[in-house]
Structures are given as C-alpha cells and as structure tokens.
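# Structure at a glance
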Amino acid sequence: MSLTGKRILIGVTGGIAAYKSAELVRRLKERQAEVRVVMTDSAKAFITPLTLQAVSGEPVSDTLLDPAAEAGMGHIELAKWADLIVIAPASANTLAKLTAGLADDLLTTLCLATPAPLAIAPAMNQQMYRHGATQDNLHILAARQVMIWGPAQGAQACGDVGPGRMLEPMELVALVERHFIETKVQAQVTTHIKAQPLAGLKLMLTAGPTREALDPVRFLSNHSSGKMGFALAEAAVALGAEVTLVAGPVALSTPLGVTRIDVESAKQMQAAVMGAIAQQQIFIACAAVADYAPKVVAEHKIKKTAADSLIIELTKNPDIVAEVAALADNPFTVGFAAETQDIEIYARDKLQRKKLDMIAANNVALAGQGFNSDDNALSVFWSNGHVDLPLANKSQLAHHLLTLIAERYYDTH
Ligand code: PMT
C-alpha cells in the first residue's frame, strides 16, 4: 500500500531494538510516507541521530528546550504535523511516563500535545514486560485508545527468553498500513451516516386525500395532490430509510425504492397503516384524511328529487395518527396540521391532543403553497421547540423536515 502524503512521526526510545528503527524509517519512506524522527537521550546510546537523519532525510529532533530547533519546526507544530505517532521501540520507562502524563522530554511532550493517534511497540526485558507496573501501564494506555503493537516472544539480547522483543520493522509497516486503511473506512462510514441519517430505520407515511363514498359514483374529498407526502417518501429513501407509503387516490408515480399501498377511504388507510405499523420506527401522517364520512353509502346512485335540499348524515372517521401515537410501542410520530389561521395555537393543540412527537403546520390559506402546489412552507413544533422552514419546493422542504425528524428521533431514542 502507498503511504503517500501520510505524515508519520517515529519516536525512538532507549533499547537495543533502536537499531531496527532505521529499517522501519526506510521502509516507510519507500512507501512514500513523510517521516520525521524524535529521539530520547537514552536512544542515542543505541543509534545515532545522524543515521536516522540519513534514512529519513529530515533533521532529527531530540530536545525540548532548543531555541534553534524551535525556530525550525517547533514542538507544537510537530505535534500538529503528525497523522500518526509510532514509538518504536517503546521502553518501559517511556510507557510509564506516557501513562502518568509526564512531559519531561520532547517525545512525551509531543504525545501530550498531539491530536494524532499514538501507537507503541514495546521492547524490553521479559521480566520488565511481565512486571505488574508495566502491565498496568499498558492496560491504561490501551483504554486511552493507544494502539499497542507487540511485543513478540523469543530470545532476547540479554539472553532471556520470553515476551518483550520489538516487532520486526516490516510487521510494524503492515500495522501502519492497516491503521490508515481502517481510518479511511471509518471516515467513509461516518460520512455515509451523516449523508444518510435515516439509514437502518423503517419509516411509514400517509399522503394524498381520502375519498369517502356517498354512492357508487360520488364521494367527499379534498384538494390534496399527494405532492408533499410523495416528496417526503422520495427524500426518506435518499436519506437511507426503508419507506412504506400509504397513498390516497393521487395521480403521481411511485418514487424509486418506495413500497406503496394504495387506498381510497380513511378506513382503508387506517387498516393499511395499522397492518404494518408494528415494524416502523417513524410514522409521518401527511395525508389529508377526511374527518367525516357519509354514515350510509347508497347502494345505487342517489337520484335527484323535487326537494330543494339533500341532507347527508356524516359520521366521524378514525383518527389514524392519534391511534398510532396511542400505541403502547408507538413509533416516533409526526403529524401535519393544515391551518388557515392561528397556526401555532392550533398546531400545538393537535400536538398535545393527539400525543404526537412533532407536528408540521402549513398555512393552507396562502396562495402558492399548501394544497396542490409545488411549494410549501412549514412551521414545525415539538414539546419544547419550534423551527420555521421557509417557502421552498416540496422536495427541498422534505429533506429539511426529515433531517429535523432524524435529529429529534435520535435525541429521544
Ligand atoms: O398533498 P399536497 O397537495 O401536497 O398538500 C399537502 C398538504 C397540505 C395536504 C399537507 O401538507 C398537509 O397539511 N397534510 C395534513 C392535512 C390534514 O388533514 O391536516 P389536519 O390538520 O386536518 O390533520 C391533522 C393530522 O391528523 C394530520 O397529520 C392528518 O394526517 C391526521 N389525521 C387527520 C384526520 C384523521 N381522521 N386521521 C388522521 O390521521
């Protein structure tokens, strides 16, 4: 794997394995990484700064309080420069200093001052490695997300056999590569989650009008075109949701990726919603459901009579959104409110009365928005909050509303 553009700071501490650091630096450079080396004083007893300067092609830093060095790349700059710090070899003494948060030399100061991830390749005598203090330090560092690479087992320079050998340079290079691959994947996942805030959620919504039959050829209905609800369904798919759309009679095609259930009356809409609500995490009621339906549906076409008036008795339809919100295991429930005056008062009253999590109110008395237009404006209310989404086309508005719904959903779940 190429490490082009990756800035890796290698920390070298005192230990016989320090001679392997030159090889590590060379192998990283071969992969086009930018490498800088910081040494502790005791490291210099095992390898010279000149060797590490030669292989890295950069001056080696070793002192904290050197005005000349600070005039070049100062220690804070160096701490900010690194994408990754690898201490190899990491002595027991340096592990203890890192655990305690000491900053008495350049390397430990950098480790405190950097936002970069830190990896350590322990190298020490097997007895020192097994000591409780060293083991405790390693546990604490691991809990702080420090990556512990190695050590390996085997014969040691001092003649002992056991754990404490630094990993070989090529093993460390492979771990560096794996770290950058994992970081990239993690970044992609985070971006994906941000772009798809509804990923993994099942969302059901209602859209359009309902038709309440008077006789075989006539019905009561309203001017809802379904545009707002269909825009929401399309946007919800784009934001990652699995979408079921329960649609009243509209002349719109089904957005890609949406499961659509067509219904006519409020009672049919209620049955379709209640049949699948148990699987949903979010429910949005955008349909303009008729509040009343004729009490009796005439079997044959109602005939005109000599009388000047015709009285039709209506009976209340089920309130679908209130029924969903009242379920014991209810989804996050969002209602709409079509109002012509005192928007906030009526919307908040519906929010409370129907026990909704959120309500999106629109002023359907204004020209160019609301029923059957391409644009809309919404005032969104929840128990302790309110956001106005200004006039925009229904598609943009749907994205804004769903982003808000996702935020509120995750705030409450
Ligand atoms: O379809 P378009 O032409 O794009 O127009 C969009 C719209 C104006 C229809 C839409 O933005 C809208 O306001 N929908 C809700 C209309 C409505 O019925 O509002 P309401 O205030 O009467 O009802 C309040 C809430 O209760 C709504 O969520 C409604 O779906 C729900 N309700 C109402 C009655 C009922 N029997 N069952 C319900 O679930």
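Note that the structure is a prediction, hence the values are computed from the model and not measured.

## What about the overall build of the protein?
When helices and strands are counted, the protein shows 14 helices and 19 strands. Taken against the 2.2 N^0.38 rule, which gives 22 Å for 413 residues, the C-alpha radius of gyration of the protein at 34 Å runs more than 25% over that of a compact globule. Seen through its C-alpha atoms, the protein measures out along the principal axes to roughly 115 × 45 × 35 Å. Across the 413 residues in the protein, those meeting the buried criterion constitute 47%. Pairs at least 24 apart in sequence give 66% of the contacts found in the protein among residues at least 6 apart. About 20600 Å² of surface is accessible on the protein, with carbon and sulfur atoms providing 54% of the total. Mean positive and mean negative side-chain charge positions of the protein (35 and 41 charges, respectively) differ by 4 Å.

## A closer look at the site of the ligand
Residues in close proximity to the ligand total 28 residues, the closest being Ser-224, Ser-225, Lys-350, Asn-362 and Asn-372. Backbone polar atom of Ala-285 to an oxygen atom of the ligand: 2.7 Å apart, as the coordinates give it. At 2.9 Å from an oxygen atom of the ligand is found a main-chain nitrogen or oxygen belonging to Val-321. Among the detected pockets, the ligand sits in the largest pocket. When contributions to the shell around the ligand are tallied by element, the ones reaching two or more residues are helix H10 (227-238), helix H12 (320-325) and strand E16 (332-339). Ranked by residue count, the leading element in the shell around the ligand is E16, at four residues. The residue makeup of the shell around the ligand, split by class, is 14 nonpolar, eight polar and six charged.

## A few points about the packing of aromatic side chains
One pass over the full model with this rule turns up two aromatic pairs. Where Tyr-409 meets Tyr-410, the ring centres are 5.1 Å apart and the plane angle is 85 degrees; that geometry is what we call edge-to-face. Joined through ring pairs, the aromatic side chains of Phe-332, Tyr-409 and Tyr-410 make up one cluster. Above the plane of the ring of Trp-81 lies Arg-36, whose end atom (NZ or CZ) is 5.8 Å from the centre.

## What about the domain arrangement of the protein?
The domains assigned to the protein are domain 1 (7-176) and domain 2 (195-412). Put simply, the middle of domain 1 and the middle of domain 2, counted by C-alpha atoms, are 62 Å apart.

## Here we look at the pairing of strand E11 (residues 242-247)
Counting buried residues in E11 gives five out of six residues, a clear majority hidden from the surface. Looking at chain direction, strand E8 (residues 202-207) and E11 are connected through six bridges and run parallel. Paired with Lys-202 across the bridge in E11 is Glu-242. As paired elements, E11 and strand E12 (residues 259-262) share four bridges and run parallel to each other. Bridging across to E12, Ala-247 finds its partner in Asp-262.

## With respect to the pairing of E16
Counted residue by residue, E16 has seven buried out of eight residues, so it is predominantly covered. Looking at chain direction, strand E13 (residues 282-285) and E16 are connected through four bridges and run parallel. For Ile-282, the partnering residue across the bridge sits in E16 and is Phe-332. With respect to chirality, the unit in which E16 leads through helix H13 (residues 343-353) into the neighbouring parallel strand E17 (residues 358-363) is right-handed.

## Quick look at the side chain of Gln-270
You can see Gln-270 is positioned in helix H11 (residues 266-276). If we ignore the near neighbours within four places in the chain, the residues touching Gln-270 are Pro-318, Ile-320 and Glu-323.

## Description of helix H8 (residues 132-143)
Each α-helix winds once per 3.6 residues, and so residues spaced three or four apart point in a common direction. For H8, with twelve residues, the first-to-last C-alpha span of 16 Å sits near the 16 Å given by 1.5 Å per residue. For H8, the full list of buried residues reads Thr-134, Asn-137, Leu-138 and Leu-141. When H8 is viewed along its axis, its buried side chains cluster within an angular range of 100 degrees and face the same direction. Of the residues in H8, the exposed ones pointing more than 90 degrees away from the buried face are His-139 and Ala-143. Here the buried face of H8 lies against helix H5 (92-100), strand E4 (118-122), helix H7 (126-130) and strand E5 (147-148).

Rules used in this analysis
- Residues numbered from 1 in each chain as written.
- Predicted model: local features only at pLDDT ≥ 70, side-chain atom pairs only at ≥ 80, totals over all residues.
- Heavy atoms only, no water.
- Helix = DSSP H or I, 4+ residues; strand = E, 2+ residues; numbered from the N terminus.
- Rg over C-alpha atoms; globule rule 2.2 N^0.38 Å.
- Buried < 20%, exposed > 50% of the residue type's maximum accessible area, 1.4 Å probe, protein only.
- Contact = heavy atoms within 4.5 Å.
- Areas by Shrake-Rupley, 256 points an atom, 1.4 Å probe, with all protein chains shown as cover.
- Lys, Arg positive; Asp, Glu negative; His and termini not counted.
- Charge placed at Lys NZ, Arg CZ, Asp CG, Glu CD.
- Near = heavy atom within 4 Å.
- Polar contact = N/O pair within 3.5 Å; in protein donor to acceptor, adjacent residues only side chain to side chain.
- 1 Å grid on protein atoms, 1.4 Å probe; cavity = no way out; pocket = protein on both sides within 12 Å on 5 of 7 lines; lining within 4 Å.
- Sits in = over half its atoms within 2 Å of the grid points.
- Nonpolar A, V, L, I, M, F, W, Y, C, P; charged D, E, K, R; others polar.
- Phe/Tyr/Trp six-rings, centres within 6.5 Å; stacked < 30°, edge-to-face > 60°.
- Lys NZ or Arg CZ within 6 Å of the ring centre and 35° of its normal.
- Domains from an automatic or database assignment.
- Pairing = 2+ DSSP bridges.
- Right-handed = clockwise from strand over helix to strand, strands pointing away.
- Expected span 1.5 Å × (residues − 1).
- Arc of directions from axis to C-beta.

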